[in-house]
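One letter stands for each residue in the lines below.
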Amino acid sequence: FFFQAEDGIRDAQESRGLGDVYKRQQLKFSRNNQFLFSAGRDRQFGVFKRDEEDKLHPYKLTFADQSHSRIIWTIDSSHDTEYVITGSRDKTIKIWKLDQSTGQCTLVVTQSFSDSASAVAFADKQLSNGSYLLGLSLIHI
């Protein structure tokens, strides 16, 4: 499977690709392969939902956001695909709640740091108390 590149994430009705290849910083599939997440140099975070009927373009853009003020370097989703996290050069991480039926996201938390968030990762399972475990790397630029 190969994604067609277009110049920028566009309206969900129009876009079939992931945007200009140069602008995509990271791509990440959800663990259930129903979603593909993109993070970019253009500060855009995108959610693409799987469409089993379309064999040529099986992932459709369902959500795009540009609330980070600098490049988004990193992205990950929780093991159950309930949450997505983005990390940016703007010295913030954002945690999003994913509606798996629509592919839309709602911002839950924005956390600021003294340095840029260069890597984020969810643990492969929840802790015994039901909490999610996150890893975060900060880099001073």
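Residues numbered from 1 in each chain as written. Predicted model: local features only at pLDDT ≥ 70, side-chain atom pairs only at ≥ 80, totals over all residues. Heavy atoms only, no water.

Within this structure, the stated rule accounts for 7 aromatic pairs. Between Y83 and Y132, the aromatic rings sit 5.2 Å apart at their centres with planes inclined by 75°, giving edge-to-face as the arrangement. Of the two residues, Y83 is situated in strand β6 (residues 83-88) and Y132 in the loop between β9 (116-122) and β10 (134-139); the sequence distance between them amounts to 49 residues. Look at Y132 and you get partly exposed, because its relative accessible area is 28%. In this structure an aromatic cluster arises from ring pairing among F45, F63 and W96. (Phe/Tyr/Trp six-rings, centres within 6.5 Å; stacked < 30°, edge-to-face > 60°. Helix = DSSP H or I, 4+ residues; strand = E, 2+ residues; numbered from the N terminus. Buried < 20%, exposed > 50% of the residue type's maximum accessible area, 1.4 Å probe, protein only.)

Here we come to the pairing of β6. Along a regular strand, successive side chains alternate from one face of the sheet to the other. Of all 6 residues in β6, 5 are buried, a share of seventy percent or more. Here 5 bridges tie strand β5 (residues 72-77) to β6, and the two strands are oriented antiparallel to one another. Counterpart to D76 in the pairing with β6 is I85. Where β5 hands over to β6, the hairpin turn is made up of 5 residues, of which T81 adopts a positive phi near 60°. Note that β6 and strand β7 (residues 92-99) share 5 bridges and pair antiparallel. Within β7, the residue paired with V84 across the bridge is W96. (Pairing = 2+ DSSP bridges.)

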